[in-house]
Amino acid sequence: MLSIESLRQELSVPRKIAIIPHQKPDADALGSGLALWGFFKNKGHQPTVVSPTDYPDFLFWMPGNSEVLVYSDKTKEACAKIIGEAAIIFCLDFNDLKRCEPLDIFINANTSAIKVMIDHHQDKKDFADFEYCRVTAAATAELIYEFISLLGNEADITTDIASCIYAGIMTDTGSFKYPATTATIHRIVANLLEKGIDHTAIHRNIYDTSTLDRLKLQGFALSERLKVIPELNTAYFVLSKTDLGRFRHQTGDTEGLVNYGLSIKGIKLSVILKEDEGFVKMSLRSVGNFSVNEVARMHFNGGGHINAAGGRLNMSIQEAEVAFLEALKNYANILATTS
Ligand code: 5GP
Ligand code: MN
């Protein structure tokens, strides 16, 4: 394991740096990436954010977004080159290289690069030379703030960098309501406000820029596709490709929807099963100490945090619903007890 001192040394001369968020990056993954990107660029390095997949357009306002290289058939060679030539590779908001497929192959192929992991998820895999990880952190963006401070550069956080960090913290804390929202988080945010960020605009850019189709998809999902199992205090949505197609679904359109399940009195577990190309993507949320990270790991090839996790099943949407209901039986006792 490299020390922060050696990493600081590495960064004392201009470097080519690849910055990788997880698949379908959210505001925390992309915000962390673009914050680091802005910071390294201002320091004279050559950073590139390489995203394994596309991401929602409500993140396009982030400073540096136009410079992000998104993996596709057309950009495959360019991604391989950037990651292959990087002296340092930052892996952000994930702790298992599977989460950045198909870029994992390029990362593994670059055996000389220093690999840095900055993350707050559970069940870390050991692949990095330097780790800055804490599962109690509310967001990876919180760790990015600390990491830049640790390098001795807090003063170099510009308004643009601060805006990206704020976006990650705001979204991963559920707008400052989840239990991981500590006094320290509020102090960090106070510092970000003093860097001149426009928090009202950031909130609006992320939460209030829906298309009419997206809003209608959410309304449809709530009225037609939400099922409740009262005896298990569980709510779940099943969305087929036909449902999604009807509302011209775009990446990010169902983000936040799963939380509505938890807004029903007494509900402890809310899940979305969403049909994709040849697989079903699952999104799980819970309240209290019921661990959806464990459920996702044990049954849905995924993981995450205690109260927010994801996974996938390689089967039809109908089979996935059956598999989900089957898996729930293992937790019937815990779910049935209220409190
Ligand atoms: P979301 O439901 O918003 O996609 O993800 C919730 C949390 O679970 C996020 O922290 C995300 O990084 C994590 N997550 C989502 N999908 C997966 C997955 O397939 N595997 C793992 N390990 N984590 C996931
Ligand atoms: Mn995160």
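Residues numbered from 1 in each chain as written. Chains lettered and ligands numbered in written order. Predicted model: local features only at pLDDT ≥ 70, side-chain atom pairs only at ≥ 80, totals over all residues. Heavy atoms only, no water.

Peer 1: Explain the state of the cysteines here, please?
Peer 2: Cysteine pairs can be covalently joined through their sulfur atoms, and such a bond is termed a disulfide. All chains considered together, the criterion is met by zero disulfides. Of all cysteine sulfurs in the structure, the one in Cys 100 sits closest to Cys 91, which takes part in no disulfide; the separation is 5.8 Å. According to the relative accessible area criterion, Cys 91 is buried, its value standing at 0%. Among the residues examined, Cys 100 registers a relative accessible area of 0% and is labelled buried. (Disulfide = S-S within 2.5 Å. Buried < 20%, exposed > 50% of the residue type's maximum accessible area, 1.4 Å probe, protein only.)

Peer 1: Just checking my understanding: could you explain the coordination of the manganese ion (ligand 2) for this structure?
Peer 2: Note on metal sites: the ideal angle is 109.5 degrees for four tetrahedral donors, and 90 or 180 degrees for six octahedral donors. At the metal site, the manganese ion (ligand 2) is ligated by Asp 28 (OD), Asp 93 (OD), His 120 (NE2) and Asp 172 (OD), and these contacts range over 2.1 to 2.4 Å. A relative accessible area of 0% places Asp 28 in the buried class. (Donors = N, O, S within 2.8 Å, 3.2 Å for Na, K, Ca; no water.)

Peer 1: Where do I start with the pattern of salt bridges in this structure?
Peer 2: Summed over all chains, the structure comprises 19 salt bridges. Note that Glu 5 is salt-bridged to Arg 8, the shortest N-O span being 2.5 Å. With Glu 5 and Arg 8 both in helix α1 (residues 4–10), this residue pair falls three residues apart, about one helical turn. Taking relative accessible area as the criterion, Glu 5 reaches 43% and is therefore assigned partly exposed. Close ionic contact of Glu 154 with Lys 195 constitutes a salt bridge, the shortest N to O distance being 3.1 Å. On the criterion of sequence distance, the pair formed by Glu 154 in the loop between α5 (140–150) and α6 (159–172) and Lys 195 in the loop between α7 (183–194) and α8 (199–207) is long-range, its members being 41 residues apart. Residue classification places Glu 154 among the partly exposed residues on the basis of a relative accessible area of 23%. Among the residues examined, Lys 195 registers a relative accessible area of 18% and is labelled buried. (Salt bridge = Lys/Arg side-chain N within 4 Å of Asp/Glu carboxyl O. Helix = DSSP H or I, 4+ residues; strand = E, 2+ residues; numbered from the N terminus.)

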